[in-house]
Amino acid sequence: MAEAQEWDVLIVGAGPAGLAAAQAAATRGARTLVVERAAHPRYKTCGGGLIGFSLAAAGRLIEVPARDTIHAVTATLRGRREFTRQDGDPLLAMVVREEFDDALRKAATGTGAALIERSPVRAVGETDGLAWARLADGTMLRARALVGADGSAGVSARYAGVRFRQVDLGLELEIPVPPPVAARWRGRLLLDWGPLPGSYGWVFPKGDRLTVGVIAARGQGERTRQYLRDFTGRLGLSGYPAERDSGHLTHCRADDSPLRRGRVLVAGDAAGLLEPWTREGISFALRSGAMAGAAAADAAAAPDPAGLSQALDGYQAAVSRELIPEMAAGRRLLVAFTRHPGAFHTGLASGKGWHAFARFCRSELTFQALVSRPPVNAALSLMSRF
């Protein structure tokens with residue numbers, strides 16, 4: 001039985017972060033096991049829009065199963081001041097998460113990683129120089145390093161002591177639509193800057209279905225639900241029965257939140273890694289997962305405790321160098337957007353604003369680079385004060 005063995009790398013959670021970690025670790029020759037509480041393919045509440053970073057990271061692992069490619073964006077401010085902008089090059093790819101994650105699963109197992117599904121993990125820890133995970137049936141799994149990718153409410157985040165400074169509620173509908181409606185949305189998404197502070201809504205086309213959702217700060221549940229009802233009604237979509245009606249909380253880490261405790265690393269949602277303004281998390285999951293898997297494999301191969309610690313510290317350094325600055329820039333944008341959504345709407349309608357947004361979607365321009373521009377930096381500083 002796979003669960004009776006000792007592994008080099010043990011990964012808890014088979015979402016994008018965990019599967020990217022598995023592929024990275026197994027490719028380096030580490031004996032890798034992934035443990036997942038559900039079974040693929042499984043539904044996941046998620047907008048499913050892949051920006052350039054996500055496409056680049058996923059494209060190294062799989063052929064991305066895109067349902068649609070976005071070339072146009074319609075934007076509204078609380079349902080008003082509508083405009084549409086188009087770009088000749090693709091902006092985003094739209095995926096259904098059960099298809100996307102299952103493709104990642106096949107890629108990870110194809111590189112040699114083992115997978116146990118329908119096996120909830122109840123606790124993780126360390127004993128006698130090994131990391132371990134205890135399954136719901138009492139089985140103990142052990143490894144030289146463990147990557148926690150089981151979400152912000154999972155046991156890995158609790159063990160590592162992850163702390164969150166921003167929690168948002170996202171509500172989402174998956175709506176099958178008839179061909180004429182699907183044709184009107186093909187290749188075009190909608191963003192609505194919402195009535196609640198820092199909120200926005202979206203319509204993402206995915207072939208014969210639309211993903212419609214809203215997100216706002218936690219603690220405004222009924223107002224957020226009302227926003228979703230008003231949003232779908234305004235768009236003429238409330239008459240189509242939803243195939244899925246779900247919600248989830250997104251969590252952004254505190255600045256001093258740990259990424260590691262001993263031999264246990266946390267990645268993706270378990271580490272609170274996502275962009276605070278858009279709440280985009282797939283690119284952070286794929287990138288941090290790959291970093292964690294590589295570091296865990298290097299740690300497992302280390303000849304002594306010093307080498308193991310150095311390898312695991314390398315994960316924290318990589319995240320701090322490549323991902324944390326993006327989060328800091330996104331937080332600055334969120335503060336200004338919360339106070340002045342109309343200014344952001346006007347800015348996006350301008351030629352320069354649209355060009356910057358399109359480049360962000362393709363990951364040709366990071367938020368860090370954007371907010372470092374003197375005019376943008378000055379404008380954000382002013383908007384954040386008033």
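Residues numbered from 1 in each chain as written. Predicted model: local features only at pLDDT ≥ 70, side-chain atom pairs only at ≥ 80, totals over all residues. Heavy atoms only, no water.

## Thoughts on the nonpolar core
Grouped together as the largest cluster of nonpolar side chains are 60 residues, with contacts concentrated most on Phe-100, Leu-273, Leu-286 and Tyr-315. Here this core gets 11 residues from one element, more than from any other, and that element is helix H7 (residues 282–301). Apart from residues no more than four positions distant in its own chain, Phe-100 is found in contact with Pro-16, Leu-50, Ala-58, Ile-62, Pro-65, Val-95, Ile-282 and Leu-286. By size, the runner-up hydrophobic cluster in this structure holds 36 residues, among which are Trp-193, Ala-356, Cys-361 and Met-383. (Core = buried A, V, L, I, M, F, W, Y, C linked by side-chain atoms within 4.5 Å. Buried < 20%, exposed > 50% of the residue type's maximum accessible area, 1.4 Å probe, protein only. Helix = DSSP H or I, 4+ residues; strand = E, 2+ residues; numbered from the N terminus. Contact = heavy atoms within 4.5 Å.)

## Details of the sheet that holds strand E4 (residues 68–70)
Two strands in a sheet stick together by hydrogen bonds in their backbones, pointing the same way (parallel) or opposite ways (antiparallel). Strand order across the open sheet formed by 3 strands is E3-E7-E4, with antiparallel pairing between neighbours. Looking at the sheet topology across the chains shown, the edges are occupied by strand E3 (49–50) and E4. Where E4 meets strand E7 (residues 92–94), 3 bridges bridge the pair, whose relative direction is antiparallel. Considered in E7, the bridge of Ile-70 is made with Leu-92. (Pairing = 2+ DSSP bridges.)

## As for the sheet that holds strand E12 (residues 164–176)
Strand order in the open sheet made by the 7 strands is E6-E5-E13-E14-E15-E12-E16, with mixed pairing throughout. At either end of the open sheet lies a strand with only one pairing partner, and these are strand E6 (80–86) and strand E16 (244–253). If you compare each strand with its neighbour and ignore which way they point, the axes differ by 20° on average. Taken together, the 4 bridges between strand E13 (residues 188–193) and strand E14 (residues 200–206) define a ladder with antiparallel strand orientation. If you follow Leu-190 over to E14, its bridge partner there is Val-203. (Axes fitted to C-alpha atoms, helices over the stretch in contact; angles between N-to-C directions.)

## Regarding empty space enclosed by the protein
In the structure shown here, the tally under the stated rule is 3 cavities of 30 Å³ or more. What the largest cavity holds in volume is close to 80 Å³. Broken down by element, the lining of the largest cavity gets its largest block of residues, 3 residues, from H7. (1 Å grid on protein atoms, 1.4 Å probe; cavity = no way out; pocket = protein on both sides within 12 Å on 5 of 7 lines; lining within 4 Å. Points joined across faces, edges and corners; volume = space filled by probe spheres on them.)

## Quick notes on the pattern of salt bridges
Within this structure, the stated rule accounts for 23 salt bridges. When the shortest N-O distance is used, the salt bridge between Asp-168 and Arg-279 registers 3.2 Å. In this pair, Asp-168 is assigned in strand E12 and Arg-279 in the loop between strand E18 (264–266) and H7, connecting sequence segments 111 residues apart. Taken as a pair, Asp-168 and Arg-279 share a single burial class, namely buried. In this structure, the salt-bridge partner of Arg-287 is Glu-326, at a minimum N-O distance of 3.0 Å. Highlighted residues: Arg-287 in helix H7 and Glu-326 in helix H9 (residues 324–339), separated in sequence by 39 residues. Among the charged side chains, a salt-bridge network with shared partners connects Glu-36, Arg-42, Arg-97 and Asp-101. (Salt bridge = Lys/Arg side-chain N within 4 Å of Asp/Glu carboxyl O.)

Treat this as a map of the structure, not an account of what it does.
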